[in-house]
Every structure is written in structure tokens, then in C-alpha cells.
Amino acid sequence: MSETHRATAIIPSSNLNASQAFYELLGFTLASDYGDYRILTDGRGWDLHLRHQANWPPTPEDNPFGLYLYVDDVDAVAARVRDRIIEKGAPHLKPWGTYEFAVSDPSGTLVRVGRAVRS
């Protein structure tokens, strides 16, 4: 991984503590806390910035953001958030060639966790 060529999502959150706890279940840890701005990482390539945004979103269904996390062991991550998985019985093999599941963070951001499946 090159430090000069990567992307990092900046996710708005009305409740940083709840959002941080959710992303820690997925495997992130807190790297830096600046009050209304927190940086999380898994130390292997996942980086996420949480930014406080009061009253965001008006309702979780109004949140247009999404995040896809690629991981080798989808089932291990799914086990940590089993009660929050949106699609019953997931993770599933999808027609587009991924094995994945989806959850929503406390602010309604859709988070898919999966891996590409070799055909």
C-alpha cells in the first residue's frame, strides 16, 4: 500500500460515540480524536474519518452515503455484527461476483462488507 495513493471516506455523524463503537465492531480502532473529528483505521488499509454533523441525517433513510469494505474473512466480520445485518441469512454470494452482507451505521450510512469471489 502506498501512503501517497489511497482514498479515505469522511462520514458525517450526529453521534460520534455511537458511530465509533459501530465501526470498532467492524474492525476499526481509534487513531486520533480531535473532538468533532475522529480518525479510525484497521492498520491494514482501511481508514475512515468521522465528522460530527448535528442533526444528520434528518432520518436514517435520508442518508445517501455508502461504504464498501473489502475483507478476506467476511464471515468473521459478519459474526461481530450478526444482529445488525440487513438481509436475512447474509452474507450471500451475489450475482455480480461478491460474497457480502450489508449493515447500516447509526447515522444510516449503508456499509457493505465483502470480498470478490474467483470464478
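Everything here concerns the structure above.
Okay, so let's go over this structure. As the structure is a computational prediction, the values presented were derived from the model and not from experiment.

Observations regarding the overall build of the chain
For step 1, the next point in the chain: Of regular secondary structure, the chain possesses two helices and eight strands.
For step 2, the next point in the chain: Each helix (α) and strand (β) of the chain, taken in turn from the N terminus, gives the series β-α-β-β-β-β-α-β-β-β.
For step 3, the next point in the chain: Computed over its C-alpha atoms, the radius of gyration of the chain comes to 14 Å, within 12% of the 14 Å expected for a compact globule of 119 residues.
For step 4, the next point in the chain: For the C-alpha atoms alone, the extent of the chain along its principal axes is close to 45 × 35 × 20 Å.
For step 5, the next point in the chain: A buried classification covers 39% of the 119 residues belonging to the chain.
For step 6, the next point in the chain: For the chain, contacts bridging at least 24 residues in sequence account for 51% of all contacts bridging at least 6.
For step 7, the next point in the chain: Placing the 12 positive and 15 negative side-chain charges of the chain at their respective mean positions leaves the two points 5 Å apart.

Focus on the sheet that holds strand 2 (residues 29-33)
For step 1, the next point in the chain: Pairing is mixed in the open sheet, where four strands are placed in the order 1-4-3-2. Either end of the sheet is taken by a strand with one partner, and the two such strands are strand 1 (9-13) and strand 2. Averaged over all neighbouring strand pairs, the angle between strand axes comes to 30 degrees, with direction disregarded.
For step 2, the next point in the chain: Across the face of the sheet, helix 1 (residues 16-26) comes into contact with strand 1, strand 2, strand 3 (37-41) and strand 4 (47-52) while running at roughly 165 degrees to strand 4.

Definitions and limits used
- Residues numbered from 1 in each chain as written.
- Predicted model: local features only at pLDDT ≥ 70, side-chain atom pairs only at ≥ 80, totals over all residues.
- Heavy atoms only, no water.
- Helix = DSSP H or I, 4+ residues; strand = E, 2+ residues; numbered from the N terminus.
- Rg over C-alpha atoms; globule rule 2.2 N^0.38 Å.
- Buried < 20%, exposed > 50% of the residue type's maximum accessible area, 1.4 Å probe, protein only.
- Contact = heavy atoms within 4.5 Å.
- Lys, Arg positive; Asp, Glu negative; His and termini not counted.
- Charge placed at Lys NZ, Arg CZ, Asp CG, Glu CD.
- Pairing = 2+ DSSP bridges.
- Axes fitted to C-alpha atoms, helices over the stretch in contact; angles between N-to-C directions.

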